[in-house]
Amino acid sequence: MKTPATHLTAETRAEALAAMSDEEGVDVLVIGGGVTGAGIALDAATRGLRTAVVDAGDWASGTSAWSSKLVHGGLRYLLNLDFKLVAEALKERGLLLTSLAPHLVKAQPFLWPLKMPVIERSYSAIGIGMYDAMAIAGARGKKTVPTQKHYSKKGALRLFPDIKSSELTGAIRFYDARVDDARLVIDLIRTAAGYGALAASRTQVTRIIKSATGRVEGAVVTDLETGREHTVRAKHVINATGVWTEETEKLAAPDSGLQVLASKGVHIVVPRERINAEAGIFLRTEKSVLFIIPWQRYWVIGTTDTPYDQDVARPVATSQDIDYILEHANAILDKPLTREDIVSTYAGLRPLLQPGTKGDDTQSTKVSREHTVTEVAPGMSAIAGGKLTTYRVMARDAVDFALGSAAKIRPSITEHTPLVGAHGYEAARARAGRIAEEQGWTAARVDSLLDRYGAEIDDVLDLIHEDSSWGRPLEHAPMFLRAEALLAVRHEGALHLEDVLMRRVRLDIEQRDRGLAAADEILEIMAAELGWDEQRIAKEKDSYATRVRDIDRAEELDDDAGASEIITADPEIVPRRTFGSGK
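Residues numbered from 1 in each chain as written. Predicted model: local features only at pLDDT ≥ 70, side-chain atom pairs only at ≥ 80, totals over all residues. Heavy atoms only, no water.

1. Looking at the side chain of T203
Here comes step 1: By secondary structure assignment, the location of T203 is in strand β8 (residues 203–210).
Here comes step 2: Within the structure, T203 has its side chain in polar contact with the backbone oxygen of S201 (distance 2.9 Å). (Helix = DSSP H or I, 4+ residues; strand = E, 2+ residues; numbered from the N terminus. Polar contact = N/O pair within 3.5 Å; in protein donor to acceptor, adjacent residues only side chain to side chain.)

2. What to know about the pairing of strand β14 (residues 298–302)
Here comes step 1: With 5 of 5 residues buried, β14 lies mostly within the body of the structure.
Here comes step 2: Burial along β14 is two-sided: the face carrying Y298, V300 and G302 and the face carrying W299 and I301 are both buried.
Here comes step 3: In terms of strand pairing, strand β11 (residues 260–271) meets β14 through 5 bridges, oriented antiparallel. Each residue of the ladder has a partner; that of P271, found in β14, is Y298.
Here comes step 4: By the bridge criterion, 4 bridges tie strand β13 (residues 289–294) to β14 in an arrangement that is antiparallel. Residue P294 lies in a different strand from β14, and its bridge partner there is W299.
Here comes step 5: Turn length for the β13-β14 hairpin, with the two strands adjacent in sequence and antiparallel, is 3 residues. (Buried < 20%, exposed > 50% of the residue type's maximum accessible area, 1.4 Å probe, protein only. Pairing = 2+ DSSP bridges.)

3. What to know about the packing of aromatic side chains
Here comes step 1: Considering all chains together, one arrives at 9 aromatic pairs under this definition.
Here comes step 2: Relative to W299, the ring of F160 has its centre 6.2 Å away and its plane inclined at 55°; by these criteria the two rings are tilted. You can see F160 sitting in the loop between α6 (153–159) and β6 (170–179) and its partner W299 sitting in strand β14, a full 139 residues away along the chain.
Here comes step 3: The exposure class of F160 is buried, given its relative accessible area of 0%.
Here comes step 4: Taken together, the ring pairs in this structure connect F110, W112, Y131, F174, F282 and F291 into an aromatic cluster. (Phe/Tyr/Trp six-rings, centres within 6.5 Å; stacked < 30°, edge-to-face > 60°.)

4. Observations concerning the nonpolar core
Here comes step 1: Of all hydrophobic cores here, the largest spans 120 residues; its most connected members are I40, V105, L184 and I522.
Here comes step 2: With 8 residues, helix α7 (residues 181–194) is the single largest residue contributor to this core.
Here comes step 3: Ignoring any residue separated from it by four or fewer positions in sequence, one finds L184 in contact with V35, L104, V179, L388, Y391 and L419.
Here comes step 4: One finds L159, V266, A317 and L337 within the second-largest nonpolar core, a separate group that totals 31 residues. (Core = buried A, V, L, I, M, F, W, Y, C linked by side-chain atoms within 4.5 Å. Contact = heavy atoms within 4.5 Å.)

5. Quick word on helix α4 (residues 83–100)
Here comes step 1: An ideal rise of 1.5 Å per residue puts 26 Å on 18 residues; α4 measures up with 24 Å between its terminal C-alpha atoms.
Here comes step 2: Residues of α4 that are buried: L85, V86, A89, L90, E92, R93, G94, L95, L96, L97 and L100.
Here comes step 3: Looking at the buried residues of α4, the elements they touch are β3 (70–71), α3 (75–79), β4 (105–114), α5 (119–138), β6 and α10 (391–403). (Expected span 1.5 Å × (residues − 1).)

6. Re the pattern of salt bridges
Here comes step 1: Applying the stated criterion to the full structure yields 46 salt bridges.
Here comes step 2: Here D451 makes a salt bridge to R429, at a shortest N to O gap of 3.2 Å. Remark: R429 occurs in helix α11 (residues 425–430) and D451 occurs in helix α13 (residues 443–453); sequence separation between them is 22 residues.
Here comes step 3: Taking the relative accessible area as the measure of exposure, D451 reaches 27% and is therefore partly exposed.
Here comes step 4: The salt bridge involving R431 is made with D458; its shortest N-O contact spans 2.9 Å. Remark: D458 occurs in helix α14 (residues 457–466) and R431 occurs in the loop between α11 and α12 (432–439); sequence separation between them is 27 residues.
Here comes step 5: Looking at D458, the relative accessible area reads 29%, which means it is partly exposed.
Here comes step 6: One salt-bridge network, held together by shared partners, links D58, R202, E498, D499, R503 and R504. (Salt bridge = Lys/Arg side-chain N within 4 Å of Asp/Glu carboxyl O.)

7. Examining the side chain of R93
Here comes step 1: With respect to the helices and strands, R93 occurs in helix α4.
Here comes step 2: The exposure class of R93 is buried, given its relative accessible area of 1%.
Here comes step 3: Every residue in contact with R93, bar those within four places of it in the chain, is listed here: V71, H72, Y131, A135, T144, V145, Y175, D176, A177 and T389.

8. Re the packing of helix α18 (residues 519–530) against helix α19 (residues 534–554)
Here comes step 1: Where α18 meets α19, the closest approach of the two axes is 11 Å, and the angle between their N-to-C directions is 140°. By the angle class used here, α18 and α19 are oblique. The element α18 and its partner α19 pack so that their crossing is right-handed. Contact residues: α18 offers D520, L523 and A527, while α19 offers I537, E540 and K541. (Axes fitted to C-alpha atoms, helices over the stretch in contact; angles between N-to-C directions. Parallel < 35°, antiparallel > 145°, perpendicular 65-115°, else oblique. Left-handed = near helix turned anticlockwise from the far one by under 90°.)

Spelled out as structure tokens, the structure:
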């Protein structure tokens, strides 16, 4: 039976590597499998371009898995009068909510607490009113989320009983949206593959190939799973590697391209029952913003915004980061959080784009106040900046730049291209009650599956129909089914235990042991699917257990340098190669 094109497996990865390195070559080689690179791969593939996308790690293994998990217009940008940026982001939010990924992106209410009863309410109402109006305009007159609603102090406390009554005189409720960021990226890659993109994770660009005239003509990529090198000929190479942007640029032109600095953002996760509230909270702090965001089983609270100059592959929360978040959250919570309440922490790095470009001879196009595309060398461009919400706009601009004048006859169509799981989602949701009854599941279980798989919930049900054991919950993680661990390998491209626990089933952020107790059962499923022996199983578990131990130790330190030293002392399950220089 032929594997569907949208299914990512170890076999389809090997086939993609062979195809991208054939004599035909590709039109576009995308370096980076975060949300930007995945979006570029989908944009290019749906324009009919032969497209390849590679990442040195797993899909979404960098910044894209460790965001605040929001799809939002950026209310704080509106306060800075960045109207164009906010309007653009709100349009994208509307598309994701209604057509592109309605199974992954969900409307989320937030409270904006007010301290001054009249003046603050008046100007806040105007600002949030503009926010709502811009969202409706971006959706061509359609209301994709409810508009603002005003609450007295008593009304606000009914929505968020655990807020300190002294911290507000009332509140305004507004809406944004939340998303499982890693799953969004994986679904983008899968959708791109469905349109013909050749996708290979754990594949690092180790050398850029140039012609005698200095034009980039492709790259040598190394399959980090086997060590084998492949030569990929490409008409255009697009660097979308986020905090690795400058390292990647150096392979082609050390003195050209974009300049990016890393800023660390940390979040903590606490159990849902720990905070009694029906909405999230949005607050501005002296350094960043504070979000308290409800999910089905937990709250995500963050974030920080601090310069970072350690190993960008594995940032980690420090004791100081955790204290900062607890301090700011407890400033408004009536029942203070303690470290004992914390289920997990996670840290991600924002690639902060610096003004201008390196060198004087680059042909740079400023496409947004938030992102830039520039020529690194003839035949190679780089994109950096932006945010998760506007990934599709960034992808469109990057492919337009690569195509040049040809973009007019091959325009982007991703505004009308749903991701896997989106087509048929409403029909699947209409069957939720029947599915729950037939399977003996709670409504919450079905909602969780629909929010992860959308219309592809039928893939889960088909597995269970073939073998009822796939419908059993994981023994040590009963919020997930055994089938979900299997689909992580069979459909979603997981190659290692950490790929499942960190970016597909995501027990890494949901359980205090980061899913380690469930590892044996998941490894049993993976081993049968991937043909692992006992030695390989032990290696996978030992590597993940070491990571869990190292994070626990690092969180006790106050400084990034000390924390990073602990994390980097032990190698990753598949180490990246050190960047060299190419000709």
